[in-house]
Amino acid sequence: MANPEQLLGSTLAEWIARPGAGSRPNEASLYRQFHRHGSHPDVPVDGRQITTVQLEGETRKFLLQHTDGVQTESVIMPIEGRSGRIRHTLCLSSQVGCAMGCTFCQTATMGRVRQLTTSEIVAQWHWAKHSLNADITNIVFMGMGEPMDNLDAVLAAIEILVDHNAAAIPASRVGVSTVGHAVGIRRFTRFMQQDGMHQLRLAVSVNAQNEETRQSLMPIARAVPLSALLQAMQGWIDAGGQPILIEYVLIPGVNDTPTAAAELATWLGKLPCRINVIPYNPKVDSPWPAPEECQVSQFIQAVAATGLSVNRRRTTGRTVMAACGQLGTT
Ligand code: SF4
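Residues numbered from 1 in each chain as written. Predicted model: local features only at pLDDT ≥ 70, side-chain atom pairs only at ≥ 80, totals over all residues. Heavy atoms only, no water.

Draft legend 1. Just the pairing of strand 10 (residues 244-250), in detail. Counting buried positions over the 7 residues of strand 10 gives 7, a clear majority of the element. In strand 10, alternate side chains face the same way, and those of I244, I246, Y248 and L250 on one face and L245, E247 and V249 on the other are all buried. With 3 bridges connecting them, strand 9 (residues 201-205) and strand 10 associate as parallel partners. When the bridges of strand 10 are listed, V204 appears paired with I246. Across 7 bridges, strand 10 lies against strand 11 (residues 273-279) in parallel orientation. Paired with L250 across the two strands is P279, which belongs to strand 11. This β-α-β element, strand 10 to helix 9 (residues 258-268) to strand 11, shows right-handed connectivity. (Buried < 20%, exposed > 50% of the residue type's maximum accessible area, 1.4 Å probe, protein only. Helix = DSSP H or I, 4+ residues; strand = E, 2+ residues; numbered from the N terminus. Pairing = 2+ DSSP bridges. Right-handed = clockwise from strand over helix to strand, strands pointing away.)

Draft legend 2. Looking closely at the pattern of salt bridges. Counted under the stated rule, the structure contains 6 salt bridges. With its nearest N and O atoms 3.4 Å apart, the salt bridge here joins E73 to K61. In this pair, E73 is assigned in strand 3 (residues 71-80) and K61 in strand 2 (residues 59-65), connecting sequence segments 12 residues apart. Exposure class is identical for E73 and K61. Each is buried. (Salt bridge = Lys/Arg side-chain N within 4 Å of Asp/Glu carboxyl O.)

Draft legend 3. Representation of unusual backbone geometry within the structure. Look at N133: it is not a glycine, yet its phi comes out positive at around 55°. Its place among the elements puts N133 in the loop between helix 3 (118-130) and strand 7 (136-141). Given the relative accessible area of 63%, N133 is considered exposed. Unusually for a residue other than glycine, A168 sits at a positive phi of about 55°. For A168, the location among the structural elements is in the loop between helix 4 (151-162) and strand 8 (174-178).

Draft legend 4. Structural view of the site of the ligand. Surveying the vicinity of the ligand reveals the residues C98, M100, G101, C102, C105, A108, G145 and V179. Each residue belonging to the shell around the ligand can be placed in one class, and the counts come to 6 nonpolar, 2 polar and no charged. (Near = heavy atom within 4 Å. Nonpolar A, V, L, I, M, F, W, Y, C, P; charged D, E, K, R; others polar.)

Interpretation note: all reported values are geometric properties and have no functional meaning in isolation.
This is the structure we're talking about:
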């Protein structure tokens, strides 16, 4: 009997190469059954690969062990939509560790251990759905790793995640977050222009009001200045992409003043975007504390006063180190 990893590894890789799940009817049916129902005549999906599940309220962080022993961390987050309906967003990892070195991020302390394969990325969805019985409605690539640094595998995974015969997540509910990898943004833009992909979402982790602060927080800023990043983001919009989510990790004493809000607005100009303020989640031995509630509200008000659309990311999973920037601690 094949084990799940073999199926996810070899068979899926084979199917990925033949979109539409192959030409033989039986193969297409097995492909559908495997994704939709977690069933396969030879392969029970029983969660043997899930080594740990940690809970904070409804937020679940789970570790998935791969064949070489490395583990990925993924997070299932309940998010209340405007209608009041609870949706479950799955935050996927694209790499084990990360090479980008952002100073506020726990994952950065691991360095990049290795890239994940397409099947290892899809496996995170598969096990969340079929072993943890999570009703996943949204996917974000915001877990461990920089997705644009592993784009071949990420794009192939997206093809499976939006495939009606596979995960069937609408493209409008799949988002990729980048640290500001301009080359990757341009390639993702071309991918978004393909049939069925136009509604994909792009998020860019900006986290700073000016070049100097960004360089102090994110090494990539030395290679990709704000002007180049803005150009890449404008290219996404010009190609018909949806408004961009600008992620802004709010760190006390670093980027949290009303002046910083005004500088951010000036720099973004008329770019169609929405600011997502993420109160900093302290990494282990962090030099900065989490911001106080009043600091978060004041900054959000200052951003709103500039005319930008802004909201606040609900802090969830902090106690189990499952919040943004905290993966890679277990
Ligand atoms: S914030 Fe993202 S890109 Fe930066 S080090 Fe962490 S995982 Fe990598």
